[in-house]
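Descriptive structure summary
Take a look at the letters that make up each chain.
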Amino acid sequence: MLSVKELKLFAQRLTQTEFREQLGPFVLVQRPERPAGAPGDTDQFGLPPNAQATSMAKPEAMSTGALSLLFQFEDLVVATVPPMQGVDELAVGRSPDNDLVLEHASASKRHAVLRWDAANVRCTVQDLGSTNGTFLNASVRLRRETTLKNGDILSFGEVQYWFLLTDTLYVKLRGPDTFRRI
């Protein structure tokens, strides 16, 4: 994972096209993971986040997590995902063979899939029947494949990501006032 602070330096040295080529068409921004054994790092049964059983998500954790993404930008990190081109899929879940591994007990082993369509410059998300669901903007539980909008907050159980097109992230990193105009 790359911190927002690290990416800021990166964005200052590259053109927008070079930045997009390095990171791909979109990014998933999140709070940094807590170190293993951090206080509160267990589910309701005292299981660690990578336990075999999926625990129930707490709705208040989803809401609080989504808000923190919007107001703590400097402290966030960008999840590294495989490069996506053309029509491509990104598997999301707790199992280590996913493209984006969610190390949290509220995530299912096979939680969701993100589909990138370069020709139409769009990304969709589809829940795969997960225990705790996939939510959009901390309120709408997804029941079918849904097109994401730039700036949406995705929640896979209690794990939240801010979906941003790479060009939007680039503009935000280049100057403090430019993002307000987007």
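Think of each chain on its own: its residues are numbered from 1, step by step along the sequence as written. Owing to the predicted nature of the model, reporting of local features is limited to residues with pLDDT of at least 70; listing and counting of side-chain atom pairs is limited to 80 or more, with chain, interface and lining totals taken over all residues. The side-chain quantities take in all heavy atoms of the structure and omit both hydrogens and water.

In this description, strands pair whenever DSSP reports at least two bridges between them. Helix and strand labels come from DSSP, where a helix needs a run of H or I of at least four residues and a strand needs a run of E of at least two; each type is numbered from the N terminus. Taken together, five strands build an open sheet; the order of strands is β5-β4-β6-β7-β10 and the sheet is mixed. The two strands at the open ends of the sheet, each matched to only one other strand, are β5 (100-101) and β10 (146-147). Note that strand β4 (residues 87-93) and strand β6 (residues 112-117) share six bridges and pair antiparallel. Across the sheet, the residue bridging to L90 is L114, located in β6.

Attention shifts here to the confidence of the model for the protein. Looking at any residue, its pLDDT shows the predictor's confidence there, from 0 to 100. Overall, the prediction assigns the protein a mean pLDDT of 80, with 74% of residues at 70 or greater. Ranking the elements of the protein by mean pLDDT puts helix α3 (residues 59-71) last with 58 and β10 first with 96. By definition, residues are in contact when any of their heavy atoms lie within 4.5 Å. Taken together, the stretch residues 43-50 has pLDDT below 50 and engages in 13 contacts with residues farther than four places along the chain or on a different chain. Segment residues 177-182 is flagged for pLDDT under 50; beyond a separation of four residues in sequence, or across chains, it makes seven contacts in the model.

Attention now goes to the sheet that holds strand β11 (residues 153-156). As summarised here, the arrangement of the seven strands in space is β1-β3-β2-β12-β11-β8-β9, forming an open sheet in which the pairing is antiparallel. Looking at the sheet topology across the chains shown, the edges are occupied by β1 (2-3) and β9 (140-141). Bridge analysis of β11 against strand β12 (residues 159-165) gives four bridges, and the strand direction is antiparallel. Of the residues in β12, the one forming a bridge with F156 is V159.

Right, let's get into the pattern of salt bridges. We define a salt bridge as a contact between a side-chain nitrogen of Lys or Arg and a carboxyl oxygen of Asp or Glu at a distance within 4 Å. As enumerated under the stated definition, the model contains four salt bridges in all. Taking the shortest distance from any N to any O, the salt bridge between R20 and D167 comes out at 2.8 Å. With R20 in helix α2 (residues 16-23) and D167 in helix α4 (residues 166-174), the pair connects residues that are 147 residues apart, well separated along the chain. A residue is classified by how much of its surface remains accessible, and D167, at 28% relative accessible area, is partly exposed. Linking R115 and E145 is a salt bridge whose minimum nitrogen-to-oxygen distance equals 3.2 Å. Of the two residues, R115 is situated in strand β6 and E145 in the loop between β9 and β10; the sequence distance between them amounts to 30 residues. Only protein chains enter the area calculation, which uses a 1.4 Å probe; residues under 20% of their type maximum are buried, those over 50% are exposed, and those in between are partly exposed. The exposure class of R115 is partly exposed, given its relative accessible area of 24%. Under the relative-accessibility criterion, E145 is labelled partly exposed at 33%. Among the charged side chains, a salt-bridge network with shared partners connects E89, R115 and E145.

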